[in-house]
Amino acid sequence: MHSFALSLFIFPFAIGQSRNAGIGPKGKYYPVHDFHDDFQVYDERAKAYVPYIVELHASQTALSVYVDLESNRQYSLLVSTQEEGYLFINAALKRKLRPGQWQVLSIDSLYRVYRQPELFLTIYGAPGLQDKQLFIGYPKSATQKPVVLRDDNLSVRPRIRTIYDNFLGVGLLFLLATHAFLFSFYHRAFLRFYSLSDLISLRAQEESFLINRPLSSTNMLFVLNLSFVIAYLIVFAQSRNIDVFASRELLLSEQHFGWLIGEFFLLSGVAFMSLVGKYIALEIMGGLYKLEEVVNVHYFKILQSSLLFFTFLGVLLTIIAYNISTVNWSQNALLLPLIVFYAARLALLYFVIRSLDPIKNLYLFSYLCIVELIPLIIGLRFAI
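Residues numbered from 1 in each chain as written. Predicted model: local features only at pLDDT ≥ 70, side-chain atom pairs only at ≥ 80, totals over all residues. Heavy atoms only, no water.

(A) Layout of a nonpolar patch on the surface. Taken together, the side chains of I280, I284 and L288 make up a nonpolar region of the molecular surface, amounting to roughly 320 Å² of accessible area. As for its placement among the helices and strands, I284 is situated in helix α8 (residues 257-288). (Patch = residues over 30% accessible without salt bridge, like charges linked within 9 Å, V, L, I, M, F, W, Y side chains within 5 Å. Areas by Shrake-Rupley, 256 points an atom, 1.4 Å probe, with all protein chains shown as cover. Salt bridge = Lys/Arg side-chain N within 4 Å of Asp/Glu carboxyl O. Helix = DSSP H or I, 4+ residues; strand = E, 2+ residues; numbered from the N terminus.)

Shown next as structure tokens:
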């Protein structure tokens, strides 16, 4: 009886000791959270992910779990399997898991790369749960007190919805409102800007109220609307983990709805100033090459083609995103249409300008290279 009572006293103490023991490579990490009871598997009948149950899912080779990045900054994600396996993040293969070796991933780095508060992680390998280990850990230090595991094995979580889902919906309504405003109050200009037949026409009406006054209030409103569309597309690409800027930390901050709105208007302002700066650059180069009479037509064709292309691209991408959930978004898939568009626009500008005045090809090529090709090359180098 005495030995039984002593065992009851020692048993929980032993468990507590094991829970505070080190994990990871050479036991150098304290466990903060164990995902052993959080794994899910895909149920074909339910067409959804359901909690892993040993009696039902012992033969499953792919186990998935949601990892909260935002609440675990400065920690590390530790993964280990006893047999060979593979690690997927958001359904994309990231690395091979070698038997008995720990993989340590910085949660701060994952947060910067994916820009999401939560990731969907899948471990593919041997059937069952016994050979798989997944922890959130914190490196040991000489002055640090042990970190105790939380006893929240069973947790109820809402369906994952990122802040981008809400913003993209609100952004669509905002763009619809701006286009409706321009269509209602600037109907004639709207029909001219969004006319494909007018765009491909080589005979530009230089006396048109839109062409001969490029910085008029009407034109500036359409430039501002184009800036909104471009900013929306940048945020859309960012929401699909596509880096629009070379520095992944350029647009990284506290991710909440208000911050996204601020980012959207900041990008809109940058796009607006770039489009106005484009006209200033055209004026300067047109004066140097004595092509002042073609600058206004050139700028109008730029605005007209950009409004048509980026508006169509935005509509197409949102239709795909909201109706096809299994699309594998990639940088090349979005880069190819942009390259085709700018190449086609360059060819169109060449023939339009040639039709206005007899210009030496050398002058025209030099002018178009400086104002169209060089900015495009620099933009591709530093942006994508």
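(B) Representation of the side chain of H179 within the structure. On the secondary structure map, H179 appears in helix α4 (residues 163-185). With a relative accessible area of 15%, H179 lands in the buried category. Separated by 2.7 Å, the side chain of H179 and the backbone oxygen of L175 make a polar contact. If we skip the residues at most four places from it in the chain, H179 touches F190, Y194, N225, V229 and T311. (Buried < 20%, exposed > 50% of the residue type's maximum accessible area, 1.4 Å probe, protein only. Polar contact = N/O pair within 3.5 Å; in protein donor to acceptor, adjacent residues only side chain to side chain. Contact = heavy atoms within 4.5 Å.)

(C) Region of interest: empty space enclosed by the protein. All chains considered together, the criterion is met by two cavities of 30 Å³ or more. Within this model, the second largest cavity holds a volume of roughly 30 Å³. Taken together, L210, I211, P214, N219, N296, Y299, F300 and L303 form the lining of the second largest cavity. If you tally residues by element for the lining of the second largest cavity, the top one is helix α9 (residues 292-323), at four residues. Partitioned by chemical class, the residues of the lining of the second largest cavity number six nonpolar, two polar and no charged. (1 Å grid on protein atoms, 1.4 Å probe; cavity = no way out; pocket = protein on both sides within 12 Å on 5 of 7 lines; lining within 4 Å. Points joined across faces, edges and corners; volume = space filled by probe spheres on them. Nonpolar A, V, L, I, M, F, W, Y, C, P; charged D, E, K, R; others polar.)

(D) Examining helix α10 (residues 331-356) more closely. Look at α10: 38 Å from first C-alpha to last across 26 residues, which is about the 38 Å you get at 1.5 Å a residue. Within the span of α10, buried status applies to L334, L335, L338, F341, R345, L348, L349, Y350, V352, I353 and L356. (Expected span 1.5 Å × (residues − 1).)

(E) Quick look at the nonpolar core. In terms of nonpolar packing, the biggest core is built from 62 residues, with F193, F222, Y299, F310 and Y367 touching the most fellow members. In this structure, Y367 is in contact with L282, M285, G286, Y289, L291, V295, H298 and I353, ignoring residues within four places of it in sequence. If you look at the next biggest cluster of nonpolar residues, it comprises 26 residues, including V32, L63, L97 and I107. (Core = buried A, V, L, I, M, F, W, Y, C linked by side-chain atoms within 4.5 Å.)

(F) Just the pairing of strand β6 (residues 85-89), in detail. Here β6 shows a clear split, with G85, L87 and I89 buried on one side and none of Y86 and F88 buried on the other. Of the strand pairs in this sheet, β6 and strand β7 (residues 92-97) are connected by five bridges, and their pairing is antiparallel. Bridge pairing in β7 links F88 to L93. Where β6 hands over to β7, the hairpin turn is made up of two residues, of which N90 adopts a positive phi near 55 degrees. Pairing analysis gives four bridges linking β6 to strand β9 (residues 118-124), with the strands arranged antiparallel. Considered in β9, the bridge of Y86 is made with Y124. (Pairing = 2+ DSSP bridges.)

(G) Inspection of the sheet that holds strand β1 (residues 29-34) at higher detail. With antiparallel pairing, four strands are arranged side by side in an open sheet as β1-β10-β5-β8. At either margin of the open sheet sits one strand with a lone partner, and together these are β1 and β8 (103-106). Across the sheet, the axes of successive neighbouring strands diverge by a mean angle of 35 degrees, strand direction being ignored. The sheet contact formed by strand β5 (residues 76-81) and strand β10 (residues 132-139) spans six bridges and is antiparallel. Looking at β10, one finds that L77 is bridged to I136. Strands in contact with helix α3 (residues 107-114) are β5, β8 and β10; relative to β8, the strand with the most contacts, it is inclined by about 60 degrees. (Axes fitted to C-alpha atoms, helices over the stretch in contact; angles between N-to-C directions.)

(H) Spatial organisation of the confidence of the model for the protein. For the protein, the average pLDDT comes to 80, and 81% of its residues sit at 70 or higher. Looking at the elements of the protein, mean pLDDT is at its lowest for helix α1 (residues 2-19), recorded as 41, and at its highest for helix α5 (residues 187-193), recorded as 93. Taken together, the stretch residues 1-19 has pLDDT below 50 and engages in four contacts with residues farther than four places along the chain or on a different chain. Of the regions scoring below 50 in pLDDT, residues 147-161 engages in 25 contacts with residues more than four places distant in sequence or in other chains. (pLDDT = per-residue confidence, 0-100.)

(I) Structural detail: the environment of R240. As for its placement among the helices and strands, R240 is situated in the loop between α7 (217-239) and α8. In this structure the C-alpha to C-alpha distance between R240 and Q331, which are 91 residues apart in sequence, comes to 9.6 Å. When neighbours within four sequence positions are excluded, R240 is seen to be in contact with L168, A321 and W329.

(J) Molecular detail of the pairing of strand β2 (residues 40-43). One ladder, built from four bridges, connects β2 with strand β3 (residues 48-51); its direction is antiparallel. Residue Q40 lies in a different strand from β3, and its bridge partner there is P51. In textbook terms, the turn of a hairpin is the stretch between consecutive antiparallel strands, and for β2 and β3 this stretch comprises four residues, one of which, K47, has a positive phi near 55 degrees.

(K) A look at the environment of L348. Tracing the sequence through the fold places L348 in helix α10. Separated by 146 residues in sequence, L348 and L202 place their C-alpha atoms 8.2 Å apart. Excluding its chain neighbours within four sequence positions, the residues that come into contact with L348 are L199, I200 and L202.

(L) The arrangement of the side chain of T311 in detail. Along the chain, T311 falls in helix α9. Using a relative accessible area of 18% as the deciding quantity, one classes T311 as buried. Polar contacts involving the side chain of T311 include one to the main-chain carbonyl oxygen of L307, which spans 2.6 Å. With near-sequence residues (within four places) excluded, T311 lies in contact with H179, Y194, V229 and S306.

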